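# Remarks on the overall topology
Here is what each chain is made of, one letter per residue.
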There are 2 protein chains.
Amino acid sequence: MVDNSIESYLAARNALISEERSIRRDFRELHKATDAELHADQIVRAIKLEEAKTIWAIDHPDTPNVFPGMSYLSARSLITKTKIFQLISKMPKGALLHSHLDAMVNAADLLKMALEEPAMHVKVSTRLMVSSLESTMPIFRGLKPSEYSDESSITSSTYVPGTWVQIRRARESFASEYGGSEAFDAWVIASITINPKEAYETHNTVKKIWKKFENTFEIAEGFTTFFPLWKKYLKEFFMSSIEDGISFIETRLNFFLKYLIDAKGEETVSHRDLVVTFDEVVQDVKNEMNRQGRPEAFIGARIIYATLRFISCEELNWYVDDCIELKQEFPHLIAGFDLVGSENDFKPLIFYIEPLLRFKHRVQELGIDLPLILHAGETFGDGSEPDSNLYDAILLGTKRIGHGFSLAKHPRLIELVKERGIAVEVCPISNEILRLTSSVCTHPLASLINQDVAVALCSDDPSVFGNMGLSFDFFQVLMGSDINGLLTLGMLARQSLEHCTLDNAEKARAITLWEKQWAVFIESVVDGRVFAT
Amino acid sequence: MVDNSIESYLAARNALISEERSIRRDFRELHKATDAELHADQIVRAIKLEEAKTIWAIDHPDTPNVFPGMSYLSARSLITKTKIFQLISKMPKGALLHSHLDAMVNAADLLKMALEEPAMHVKVSTRLMVSSLESTMPIFRGLKPSEYSDESSITSSTYVPGTWVQIRRARESFASEYGGSEAFDAWVIASITINPKEAYETHNTVKKIWKKFENTFEIAEGFTTFFPLWKKYLKEFFMSSIEDGISFIETRLNFFLKYLIDAKGEETVSHRDLVVTFDEVVQDVKNEMNRQGRPEAFIGARIIYATLRFISCEELNWYVDDCIELKQEFPHLIAGFDLVGSENDFKPLIFYIEPLLRFKHRVQELGIDLPLILHAGETFGDGSEPDSNLYDAILLGTKRIGHGFSLAKHPRLIELVKERGIAVEVCPISNEILRLTSSVCTHPLASLINQDVAVALCSDDPSVFGNMGLSFDFFQVLMGSDINGLLTLGMLARQSLEHCTLDNAEKARAITLWEKQWAVFIESVVDGRVFAT
């Protein structure tokens, strides 16, 4: 009798677990999985279990306190040594739907590009001391020839703070007691990235790390607002994304500045110029992929028009009109509209309700396909202004939600995003470094996936965080749950394409091309070729 | 027209927020709130906002990285200075439903009690060095007179490691180069508590901090298994809980050891002796409260019979029978049955399915009211064994869930606990110190409250964490959400009584008495008397 009841208990248990798991889309689709997919999934689960023991449960001299899914900046060097990471690096990722264009190129590469620009200069506003190197920030700018100085070093005893020095010369002449050129590179890179000590010790609150985060943008702006560099930068962003398996991009371009700086140091480059150049670079990269015989590697890229959430309503109206004008001229390039910047410190969406409703009216009147794609809920607050942005984003008909970190706390909004097919652009590494969660394990992503909320995995600001591409984010998502497997990652990649702004025909083509890449990838996992290079 | 649509937008927005908030029980009950309650709630919200600026947004010399709801061990000294804490300390808390009896008395008080016991001895197993004081752990035990030694110091150069020294003498003779008696106290207290450096730096993973956590129990066991001390300890636990506003207690008593040690150092004190003594102490404290003219301050206390989750199924059957026997003799004292110890490291519930089903069958056959009250989901895992304990706890008909940290990830189980009226014993400070969450702000509690899951707020192991009583846990819950207010805390206190194991008549009486306390408390908030002492 006891045995009988154990049997019936186990049957009830399996039924309950299956019932709950069947809510997840990857489980609902399991019966459609090919044998190769199921096999690949098993292979990955086995490697993950093995590495949980061989890597994530032992002491490492340089990395204390390890565990699977641990804080990214501490774990980075270990992650890159894993077989799981090697495998995920080869995975076709689908679309990257949440990124900020001014933070998309590896900091060291960006510096290299800047060193090639004769107009690019650097200055410091206080005397640079060996002891204060860490706390003194460089200022960069592409100058007019008339502004060039004869000064050749920012470390010389005769340097007058505030004087521009050509960046190439400043690097070459960076005094040896400061550490020479290498120290210059390290100093610049540290100023535009967040390191583990900052994230997890000195700046270990949302407020403090955001200060550092915003600082990296202010400094890098010297590079990213210089148009000759911008164009090369854009190409590098696309090319490196493609190498990571990203085949389509919708990136937030911050149009807050009305002009970028041209080769002569003049502020002449208009928003229209940027969009035209964006178009050219997309076409250039497509051509290159065609030449390489892999057109499926790059479907294209689009711009989510963004401005900053501290402007006035009147100013926002100007940007709305500017965005609509660009959309009308470049319908294939302008994907949507957003407001960016700290939700915790700046204005909530409700502050802009008048211009945002006006935006919707105008878009409707003109009959153009220009959705809002709004940041909302990038906070661990509950009932706070940034949390309440979720109500407004959804009521304003946002196509996707940027971050939506606090969405998991909202039972009614979860129902609404499911009913309305709104995807959440989840950025696990960004959220962790910006101190919303201590690791991916406590990120609300698992809750969203278990509830079948559509999720697109995103990197947010990889040049600041060092999570270039999407491999690191996919890696963390795999490590942060025992339910998630390779097929979950595939589902997330596919979802990113399903929720992009391409029209139905383009989207169908993009998904078909991704499916081909995916099938090749699955084969390479099954036959082990994925580990060959 | 634009204005009109703003009006209708705002109406829709208010409706949506209200619709979602109305899922929360405290919002549903808002219309029943008295004027005084609403007034008190506003007073508390105003103080909270003020202190967010004056305390939680400024730099403190000894406490870096502050924010409202920040990690408890770092914030403790600031918390105790706040008006909010002063106020919450006076709040009637209802029942404490999740605590481990071996971790309920302030470490310094426990040491003082131990120093009063002539039989209580201490030893170290390796020579105690000034440099290794932190890493050498004391071992305590109540000895038989025949085991007493003449040794009078554990720091003398002639001390032979492993030799027992009377604790009082060891303290008095603790050499001055080690810091003298004060250093002895600090050394003992550090060995049975977790400090911020351990929690947030050296042991900053679930696995590592659990090692330290388990260590504190092993060391304190020398005190808590000595019956003469146990009895005083129990009274101190009840009295200090009452002073914090706790009026009813269901505490996990770990019956793993079959006998405690009597005054003569012999292992003679049976489980039955413990229950009889528990009964006496409860009665003693009730009498004292009656004498003090405040019978409402202590409704009573009950035992949740617990053993450790690493034993065999056969051994568990013995404990089950032992528990049922005690329940039959002391129906008013034995509240339920549980398995305790790390869910991550020890056996999952499914391992014990045979003895647990047998438990249920026997309880049913005998017609006794003895529920399972199981720990489950004390993990940030997703689909792991400890996470899956939630399926078993619910299927086995648990009356409440101990911790349920991972429950918020389970859409189907959330529905089930609501349908079945299962409350979750949430221990925010414990979860934070044991590294499941970096602060209360990212604790899933907000998600559970927003979904109207019944929650009882609990302290878990306050002697180890320093969160004596429930005031610190209530404080953190208030700080971790902008929705939560004083009435939310009141709802949580009331829920703890609604979900205790008292029968309906007793429960109704307990709630009525709490309501009287609550009304007095609300008055004291409104007229400011709460801040008078």
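Residues numbered from 1 in each chain as written. Chains lettered and ligands numbered in written order. Predicted model: local features only at pLDDT ≥ 70, side-chain atom pairs only at ≥ 80, totals over all residues. Heavy atoms only, no water.

When the UniProt feature table is mapped to this numbering, "domain: Adenosine deaminase" (unreviewed entry) covers residues 236–509 of chain A. Taken end to end, residues 236–509 of chain A has its terminal C-alpha atoms 25 Å apart, with 45% of it in helix and 16% in strand. (UniProt positions renumbered as here; feature names shortened; annotations may be inferred. Helix = DSSP H or I, 4+ residues; strand = E, 2+ residues; numbered from the N terminus.)

A few words now on the interface of chain B and chain A. Between chain B and chain A, the residue contacts involve 58 residues of the former and 59 residues of the latter. Taking both partners together, chain B and chain A bury about 5,200 Å²; carbon and sulfur atoms supply 61% of that area. Of all residues in chain B, Tyr9(B), Glu20(B) and Asp382(B) give up the largest surface area on contact with chain A, accounting jointly for 14% of the area buried on that side. Summed over the shared surface of chain B and chain A, the result is 4 salt bridges. The closest approach of N and O atoms between Asp392(A) and Arg13(B), which form a salt bridge, is 2.7 Å. At the surface where chain B touches chain A, the tally comes to 34 residue pairs in polar contact (both at pLDDT 80 or more). When residues of the side of chain B that touches chain A are traced back to their parent elements, those giving at least two are α1 (2–21), α9 (196–202), α14 (353–366), α15 (385–395), α16 (411–419) and α18 (445–450) of chain B. (Contact = heavy atoms within 4.5 Å. Buried area = accessible area lost by both parts, 1.4 Å probe. Salt bridge = Lys/Arg side-chain N within 4 Å of Asp/Glu carboxyl O. Polar contact = N/O pair within 3.5 Å; in protein donor to acceptor, adjacent residues only side chain to side chain.)

With that settled, the discussion passes to the relation of the copies chain B and chain A. Between chain B and chain A, the superposition needs a rotation of 180 degrees and an axial shift of 0.0 Å, giving an RMSD of 0.0 Å. Expressed as a symmetry operation, the mapping of one chain copy onto the other fits a two-fold axis. Rotation axis and chain B: the residue whose C-alpha lies nearest the axis is Ser438(B), separated from it by 2.9 Å. Here 100% of the interface residues in chain B have copies in chain A that are interface residues too; the copies meet face to matching face. (Least-squares fit on C-alpha atoms with pLDDT ≥ 70 in both.)

Before going further, it helps to spend a moment on the domain arrangement of chain A. Taken domain by domain, chain A holds domain 1 (1–30), domain 2 (87–107 + 219–502) and domain 3 (118–191). Using only C-alpha atoms to locate each centre, domain 1 of chain A and domain 3 of chain A end up separated by 65 Å. (Domains from an automatic or database assignment.)

It is worth spelling out the packing of aromatic side chains at this point. In this structure the tally under the stated criterion is 54 aromatic pairs over all chains. Aromatic side chains Phe310(A) and Phe346(A) sit 5.2 Å apart centroid to centroid with 75 degrees between the ring planes, which places their arrangement in the edge-to-face category. Taken together, the residues span a long stretch of sequence, with Phe310(A) in the loop between β8 (300–308) and α13 (313–329) and Phe346(A) in the loop between β9 (334–340) and α14 (353–366) at a distance of 36 residues. A relative accessible area of 39% places Phe310(A) in the partly exposed class. Aromatic pair Phe237(B) and Phe238(B): ring centres 5.4 Å apart, planes at 40 degrees, arrangement tilted. (Phe/Tyr/Trp six-rings, centres within 6.5 Å; stacked < 30°, edge-to-face > 60°. Buried < 20%, exposed > 50% of the residue type's maximum accessible area, 1.4 Å probe, protein only.)

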